[in-house]
Amino acid sequence: MSTFCTSYGHTFLQRLLRRLMTAVAGREEENAVPAHRYEYVMRRYGDMVAGICWAYASVRDDFEDLRQDACMNIYRGLPTYRGEAELKTWIYRVTLNTCITGYRRRKRWGLGNASLDAEAMVATTDDNRFEDAEFLHSLLQTLSLLDRSLIILWLEEHSYEEIADIMGMKRNTVASKLRRIKIKLAKNATKI
């Protein structure tokens, strides 16, 4: 697995765990020529793309496949990006749609939801971090696709307004759904 994925998994895991437990670059580069634009997008938003894919993956190979598919979809779509939404919002939507499509494809072909190999996602051999990664991943897997999308955005520290914009919902709907999701996660945490 690449160093990027390994180091990212550790940072992402720490940030997500901290947020979950407490709750129980310039515009000119965005408009660069397409080849440089993709490089800019991946430098700036690559961690976000990997984080979303990690949350939807059921095994390490799924993570790699989802991340690769999302990167390809972003690369192919950049020339047609019209700027109607923020670039970050557009990238999130492309990545999320890629993950949901991958999830449905696995489900249709009867591929199970085996446990994600969290050890590959954490850049350490610390047993507690391995257990934390497994625990977080198993909690995320108990949520529906919509709920998982909402909580990932919240864990990524987006405001309710940003989440509403990305998901195409009203702000109050986001707030009430997130409240219910947090309660559900707290209940599920005691069962796991």
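Located above this text is the structure these notes cover.
A quick note: this is a predicted structure, and the numbers were derived from the prediction, not measured. (Residues numbered from 1 in each chain as written. Predicted model: local features only at pLDDT ≥ 70, side-chain atom pairs only at ≥ 80, totals over all residues. Heavy atoms only, no water.)

(A) Fine view of the overall build of the protein. When you go through the protein residue by residue, the secondary structure sums to 10 helices and 0 strands. From first element to last, N terminus to C terminus, the protein shows the α and β order α-α-α-α-α-α-α-α-α-α. By the burial criterion, 46% of the 192 residues in the protein qualify as buried. Accessible area for the protein stands at about 10300 Å²; split by element, carbon and sulfur atoms hold 49% of it. (Helix = DSSP H or I, 4+ residues; strand = E, 2+ residues; numbered from the N terminus. Buried < 20%, exposed > 50% of the residue type's maximum accessible area, 1.4 Å probe, protein only. Areas by Shrake-Rupley, 256 points an atom, 1.4 Å probe, with all protein chains shown as cover.)

(B) Focus on the pattern of salt bridges. One pass over the structure, following the stated rule, counts 3 salt bridges. Residue Glu 161 is joined to Arg 171 by a salt bridge in which the shortest nitrogen-to-oxygen separation is 2.9 Å. In this pair, Glu 161 is assigned in helix α9 (residues 160–167) and Arg 171 in helix α10 (residues 171–191), connecting sequence segments 10 residues apart. A relative accessible area of 36% means that Arg 171 is categorised as partly exposed. (Salt bridge = Lys/Arg side-chain N within 4 Å of Asp/Glu carboxyl O.)

(C) Expanded view of the packing of aromatic side chains. Tallied over the full model, the rule gives 2 aromatic pairs. For the pair Tyr 38 and Tyr 75, a centre-to-centre distance of 5.1 Å together with 90° between the ring planes defines the contact as edge-to-face. Linking Tyr 38 in helix α3 (residues 34–56) with Tyr 75 in helix α4 (residues 60–77), this pair joins segments that are 37 residues apart in sequence. Here Tyr 81 and Trp 90 contribute two aromatic rings whose centre-to-centre distance is 5.3 Å and whose plane-to-plane angle is 50°, an arrangement assigned as tilted. (Phe/Tyr/Trp six-rings, centres within 6.5 Å; stacked < 30°, edge-to-face > 60°.)

(D) Layout of the packing of helix α5 (residues 87–108) against helix α8 (residues 145–155). Two elements in contact, α5 and α8, have axes separated by 12 Å at closest approach and are oriented at 145°. At the point where α5 passes α8, the crossing takes the right-handed sense. Seen from α5, the contacting residues are Tyr 92, Leu 96, Ile 100 and Tyr 103; seen from α8, they are Leu 145, Arg 148, Ser 149, Ile 152 and Leu 153. Residues of the contact of α5 with α8, tallied by class, amount to 7 nonpolar, 1 polar and 1 charged. (Axes fitted to C-alpha atoms, helices over the stretch in contact; angles between N-to-C directions. Left-handed = near helix turned anticlockwise from the far one by under 90°. Contact = heavy atoms within 4.5 Å. Nonpolar A, V, L, I, M, F, W, Y, C, P; charged D, E, K, R; others polar.)

(E) Region of interest: the environment of Lys 177. Relative to the elements of secondary structure, Lys 177 occurs in helix α10. The class of Lys 177 is partly exposed, set by a relative accessible area of 23%. Once the C-alpha coordinates of Lys 177 and Asp 147 are considered, the two residues, 30 residues apart in sequence, prove to be 7.7 Å apart. Setting aside chain neighbours within four positions, we find Lys 177 in contact with Leu 146, Leu 150 and Met 169.

Honestly, that's just the spatial picture; any functional story needs more than this.
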